Structure formats: C-alpha cells, structure tokens
Amino acid sequence: MWMILGGLLLGILIGFHLPVQIPQSVARYLAVSVLAGLDTAFGGLRATLEGDFDTAIFVSGFLANTVLAALLTYAGDLLGLELYLAAVFAFGVRIFTNLAMIRRHLIKRLAKNR
Amino acid sequence: MSNRGTQLILSVVLMIFGFMLALQLKARPAITANISYQRAAELTALLKAVEEERNSLREEVKQLRDRLAESAAGLSREQALREELSKARILAGLADVKGPGVIVQMTDSKKPSTAGQDPNVYLIHDDDVRAVVNELFSAGAEAVSINGQRFVATTEIRCAGPVFMINGVRVAPPIEIRAIGDPETLDSALHLRGGVIDNLALWGIEVKVKREEEVLVPAYNGTLQFKYARPVKAEGTR
C-alpha cells in the first residue's frame, strides 16, 4: 500500500520538477485525461473494498479511459462541438457514485468492527 | 493486494497519474490567465459601450455640421457659392490662372546617334513628359499646362507616332511645361539626384527649368460634355 502511495507522490514530484510546460492547446486534453484517471482510481478503490479488484481491468481501464477522454475532446474540437463536456459529465457522475459506494463500505466496516 | 507484482504495476500507474496531475496543475494558471477564457465577456461589454459612444458622437457630428451649413447660408450664401465656384474652376482647369512657378523646356537629344543604337531612346516619349508632370504635381503644383494644353482630370499624354496626343490635340517637341506653385520646390523636385532630370539626361534629353515670378497657365479649351457620368445626389452632409 505504501509503495503505491509512494509511486503517486513520486509521479507528482517528477511532474512538478521536470522543466516541461505543456502547451495550452494540449492542457485541455490532459485535464479531461486527469479526470478519467481520477475516475479509474476511485473505481479501483471501490473494487478493492468490494473484494473484486482485478489488476488487468484496473490498468487497462486507466489507460483506455485517459486516452479515450483525450480523443473525445479532440474529436469535439474537430467538430466544433464541446464534446469533452460528455466526458466531464460521465466521469463526474461516476466519481460521485464510486465515492458514495466507498463511503458506504467504509461505514459498514466501521460498524462491524465495533 | 498482497501480490508484489500487482503492487508494482499499481505504483507505476499511479505514478503516471500523479505526473499528469502535476503537469495539469502547472498549466492551470496559464489557462486562467488566458484573455480568451477570462476576459472575453468583460471586453465584449467594453466594446459595446465604446461603440455606443461612437454612435452618439457620430450623431453629434452630423448635427453640428448641419448647424454650420445653416449659419453659413445665413451669412451670405451667394458669396460663399461664388468663392466655391472659382476654386472649383481653378481645380477643373476652366480658368486661366497665373502666379509664381516654373517653365520647363524639354528638347530631344542632340547627341549623334551611334550605329546600332536605337534612335528612339534619344527622343522625348510620352512617359518622359508624364514623369515630369507627375513630379511637378507631387511637388505641389496647382496648375500645369503642356504646350498650351491645360492638364485637367481627363487629360491624356499619349504617344501618337512622332508626336503626342494631349487633350486630343497633337503636340510635338520641343515641349514647354508651365506649372504654378512654389518655384523653388518645383525646381528642386525636378533636380533631385537620381530624379526625373537625371534619368532623362542619361539619354541626352535636355530639360531646362526656369523659375518665374509670374507664369500664365491657360484654361482647358476642350469640350465639357459628359455623356456617361452623372452626379450622384449626396445624402445629407455625410
């Protein structure tokens, strides 16, 4: 568990200290991708609590969601349509659902331990 | 979760995620600072206000012009019209005018033409005359005539075999161009280094400029009939 959190921290540190500035045109795609990644992370946490976590599903979901979200945004730009709103909406709803489930599981666990 | 390989994979995935997050957080201030995102609405409002102000000022200009025209009419309409007319007649070339200016004499080259050389280059051409006239006008000449032909808005200077056509009249060298304007300015404009006279001198064409206290430029003596052009009624004072 600590190793995973260490990985996250390492990634953040590298990102902040690397002298790379992404251009603004790409920033929007990355924003949607980050949202997709966040969604996958919460999904994984929920699956862990429910006991049916699968590494393959988690990793593939993470990669596919981030790439798809960026592609969707790009397609929207091509069409002159704010298509990234669809990704924002879908991932946003799922993040909230996952958080609600995580909360329930945690409360149940606390109640059992008492 | 106990499997070490799984943990490693998850660490790498989360590392990528953290990397993306950090990049995005770094880029965010640039986005919010972007005018197109933040200030577009503000600027639109500003533009609208300025446009309204401009429109009201336009209206004011129109009213003031109307009042000016009214007061001019009240003073002495006839005199104003007469002055306007005499100015217009000078501009149109319908009146003889005199004043200080220059008289330019252009003569064909006296250089003996050498064998194998095109003799045409030693003669005055229509574009040579045009160049001189153009230079005179650009130096502030107010009236110009060429061999007695007043230069007006419809004047052509065109090659017609050994002679020129100017105002539909044949004109042959030597050419005498009379121009009214500041004599010194006109003279020095023609004598600019690398200017008109320098260029013509290359071919031996002689150009003499005489400053005069008083030059008489005759009126245009062609017909004044317009078959096709009709005036457009101007709308208001705009």
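Placed above this text is the structure.
### Regarding the packing of helix α4 (residues 126-138) of chain B against helix α5 (residues 183-190) of chain B
All names here are of chain B.
Then, in step 1: Taken N-terminus to C-terminus, the directions of α4 and α5 make an angle of 140°; their axes are 9 Å apart at the nearest point. On the basis of their axis angle, the class for α4 and α5 is oblique. Helix-helix and strand crossings are classified by hand; for α4 and α5 the assignment is right-handed. Residues V132, E135 and L136 of α4 form the contact with α5, whose participating residues are L186, A189 and L190.

### With respect to α5 of chain B
Residue and element names in this part refer to chain B.
Then, in step 1: Considered for burial, the residues of α5 that qualify are P183, L186, D187, A189 and L190. Each buried residue of α5 sits inside an arc of 165° when the element is viewed along its axis, so together they form one side.
Then, in step 2: For α5, the elements touching its buried residues are β1 (97-107), α4, β7 (175-180), α6 (196-201) and β8 (206-217).

### What about the sheet that holds strand β5 (residues 163-166) of chain B?
Residue and element names in this part refer to chain B.
Then, in step 1: As summarised here, the arrangement of the 3 strands in space is β4-β5-β6, forming an open sheet in which the pairing is antiparallel. Only two strands of the sheet have a single neighbouring strand rather than two, namely β4 (157-160) and β6 (169-171). On average, each strand axis in the sheet is inclined to that of its neighbour by 35°, with strand direction left out of account.
Then, in step 2: As defined by bridge partners, β4 adjoins β5 across 4 bridges and the pair is classed as antiparallel. Bridge pairing links R158 to M165 in β5.
Then, in step 3: Relative to β4, α4 is tilted by about 165°, and along the sheet it contacts β4 and β5.

### Quick word on a positive patch on the surface
Residues and elements named next belong to chain A.
Then, in step 1: A cluster of like positive charges, contributed by R103, R104, K108, R109 and K112, occupies part of the molecular surface.
Then, in step 2: Structurally, R109 can be placed in helix α4 (residues 84-113).
Then, in step 3: Exposure remark for R109: the relative accessible area of 44% places this residue in the partly exposed category.

### Some points on the packing of aromatic side chains
Then, in step 1: Counted under the stated rule, the structure contains 4 aromatic pairs over all chains.
Then, in step 2: Here Y29 of chain A and Y74 of chain A contribute two aromatic rings whose centre-to-centre distance is 6.2 Å and whose plane-to-plane angle is 80°, an arrangement assigned as edge-to-face. Highlighted residues: Y29 of chain A in helix α2 (residues 24-50) and Y74 of chain A in helix α3 (residues 55-79), separated in sequence by 45 residues.
Then, in step 3: Given a relative accessible area of 43%, Y74 of chain A falls into the partly exposed group.
Then, in step 4: Measuring from centroid to centroid gives 5.3 Å for F137 of chain B and F151 of chain B, while their planes differ by 55°, and the two rings are tilted. Of this pair, F137 of chain B sits in helix α4 while F151 of chain B sits in the loop between β3 (149-150) and β4, placing them 14 residues apart in sequence.

What counts as what
- Residues numbered from 1 in each chain as written.
- Chains lettered and ligands numbered in written order.
- Predicted model: local features only at pLDDT ≥ 70, side-chain atom pairs only at ≥ 80, totals over all residues.
- Heavy atoms only, no water.
- Axes fitted to C-alpha atoms, helices over the stretch in contact; angles between N-to-C directions.
- Helix = DSSP H or I, 4+ residues; strand = E, 2+ residues; numbered from the N terminus.
- Parallel < 35°, antiparallel > 145°, perpendicular 65-115°, else oblique.
- Left-handed = near helix turned anticlockwise from the far one by under 90°.
- Contact = heavy atoms within 4.5 Å.
- Buried < 20%, exposed > 50% of the residue type's maximum accessible area, 1.4 Å probe, protein only.
- Arc of directions from axis to C-beta.
- Pairing = 2+ DSSP bridges.
- Patch = residues over 30% accessible without salt bridge, like charges linked within 9 Å, V, L, I, M, F, W, Y side chains within 5 Å.
- Areas by Shrake-Rupley, 256 points an atom, 1.4 Å probe, with all protein chains shown as cover.
- Salt bridge = Lys/Arg side-chain N within 4 Å of Asp/Glu carboxyl O.
- Lys, Arg positive; Asp, Glu negative; His and termini not counted.
- Charge placed at Lys NZ, Arg CZ, Asp CG, Glu CD.
- Phe/Tyr/Trp six-rings, centres within 6.5 Å; stacked < 30°, edge-to-face > 60°.

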